[in-house]
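# Structure assessment
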Amino acid sequence: VREGATSSRSRNSIHDDPGRKQEEDQSTAALKAIGIKVQTSYNNGPARRLNAGYLAQGVLATHAVDLALYTNTVSGGEPDGYYSEFVCSQVPTAANGGIGQNATQLCDAAVDAGFNTGQTAVAAGDRKKAYGAAERALAAAIPSVPLRQLVIVQLASSKVGGLGANGDVWTSNVAGWFRSG
């Protein structure tokens, strides 16, 4: 938004999450403070409509909204987990049959180059350099803004054996669990 100009945006989220409603109100106030008017009432519906695939006309997949609040789960610690979120080939379109997870619809050559180089690099230093380039390109484009990060905490009874903790998935190695004592 240019200085002095106003911009009006619609927003979409899910309707049955009180925490999300609070985040909507807070982010709407923050956007208003910098000159972006968000249309209210929000165009919220069930999660299945927001997250449906391209062929089912899902809001995120078809990018049928200006702004969206949604949950994104990415494997922790590995930059490859973000590949499908930001590279051009992952933008769902009619031409590719709606395949892809890039709901931001970002298509940036520098982002693609960083991710593609990082995926094929073997040496840790080369991977770090490539993913650093992708990170800088994403910071310049600002396709999405994380509002919060969920930290997974795993608690287990002392009577559970065989638990192999995994910070990414709470059901890690469930087949190996057993009850002791």
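Remember, predicted model here, so these are calculated numbers, not experimental data.

## Remarks on the state of the cysteines
Using the criterion set out here, one finds one disulfide in the structure. Here Cys88 is linked by a disulfide to Cys107, with a sulfur-sulfur distance of 2.0 Å. Taking the sign of the S-S torsion, about 120° here, the bridge from Cys88 to Cys107 comes out right-handed. Within this pair, whereas Cys88 is found in the loop between helix 4 (83-86) and helix 5 (109-120), its partner Cys107 is found in the loop between helix 4 and helix 5, the two being separated by 19 residues in sequence.

## Digging into the nonpolar core
The biggest cluster of nonpolar side chains holds ten residues, and these are Tyr83, Phe86, Val87, Leu106, Val111, Phe115, Tyr131, Ala134, Ala137 and Leu138. Of all the secondary structure elements, the ones that give two or more residues to this core are helix 4, helix 5 and helix 6 (124-141). Other than its neighbours up to four places away in sequence, Leu106 contacts Phe86, Val87, Cys88, Val91, Val111, Leu138, Ala141 and Pro143. Judged by nonpolar contacts, the second largest core, of five residues, contains Leu50, Val59, Val65 and Ala103.

## With respect to helix 5
The first and last C-alpha atoms of helix 5 sit 17 Å apart over twelve residues, in line with the 16 Å expected at 1.5 Å per residue. Within helix 5 the residues assigned to the buried category are Val111, Asp112, Gly114, Phe115 and Gly118. Angular distribution of buried residues about the axis of helix 5 spans 165°; they occupy a single face of the element. In helix 5, the exposed positions that point more than 90 degrees away from the buried face belong to Ala109 and Thr120. Along its buried surface, helix 5 packs onto helix 4 and helix 6. Measuring from the backbone nitrogen of Ala110 back to the side-chain oxygen at the start of helix 5 gives 2.9 Å, which picks out Asp108 as the cap.

## Section: the packing of aromatic side chains
On inspection of all chains with the given rule, the structure shows two aromatic pairs. A ring pair is formed by Tyr83 and Phe115, whose centres lie 6.1 Å apart and whose planes are at 90°; its orientation type is edge-to-face. In this pair, Tyr83 is assigned in helix 4 and Phe115 in helix 5, connecting sequence segments 32 residues apart. Of the residues examined, Phe115 reaches a relative accessible area of 3% and is grouped as buried. When the ring of Phe115 is compared with that of Tyr131, the centres are 5.9 Å apart and the planes differ by 65°; the resulting orientation is edge-to-face.

## Details of helix 1 (residues 18-33)
Across its 16 residues, helix 1 extends 23 Å between first and last C-alpha, which sits within 8% of the 22 Å expected from 1.5 Å per residue. Listed in full, the buried residues belonging to helix 1 are Arg20, Glu23, Glu24, Ser27 and Thr28. The buried residues of helix 1 occupy one face: seen down the axis, they fall within an arc of 135°. Exposed side of helix 1, more than 90 degrees from the buried face: Pro18, Lys32 and Ala33 are the residues found there. Backbone geometry just downstream of helix 1 places Gly35 in the positive-phi region, at approximately 95°.

The rules behind the values
- Within each chain, residues carry numbers counting from 1 in the order of the written sequence.
- Since the coordinates come from a predicted model, pLDDT governs what is reported: local features require at least 70, and pairs of side-chain atoms require 80 or more to be given and counted, while whole-chain, interface and lining totals use all residues.
- Excluding hydrogens and water, the side-chain figures rest on all heavy atoms present in the structure.
- A pair of cysteine sulfur atoms is labelled a disulfide when the two atoms are within 2.5 Å.
- Strands here are runs of E lasting at least two residues and helices are runs of H or I lasting at least four, both read from the DSSP assignment and numbered beginning at the N terminus.
- Throughout, nonpolar core names a set of buried Ala, Val, Leu, Ile, Met, Phe, Trp, Tyr and Cys residues whose side chains join them through atoms within 4.5 Å.
- Only protein chains enter the accessibility calculation, which uses a 1.4 Å probe. A residue is then buried if its area is under 20% of the maximum for its type, exposed if over 50%, and partly exposed in between.
- Should any heavy atoms of two residues lie within 4.5 Å, those residues are considered in contact.
- One less than the residue count of a helix, multiplied by 1.5 Å, gives the span that helix is expected to have.
- The arc refers to the directions leading from the helix axis to the C-beta atoms.
- The definition of a polar contact used here is a pair of N or O atoms within 3.5 Å, where within protein one atom must be able to donate a hydrogen and the other to accept one, and adjacent residues in sequence count solely through side-chain atom pairs.
- Any pair of Phe, Tyr and Trp rings, taking the six-membered ring for Trp, is counted once the centres come within 6.5 Å. Such a pair is stacked with planes under 30 degrees apart, edge-to-face with planes over 60 apart, and tilted for the rest.

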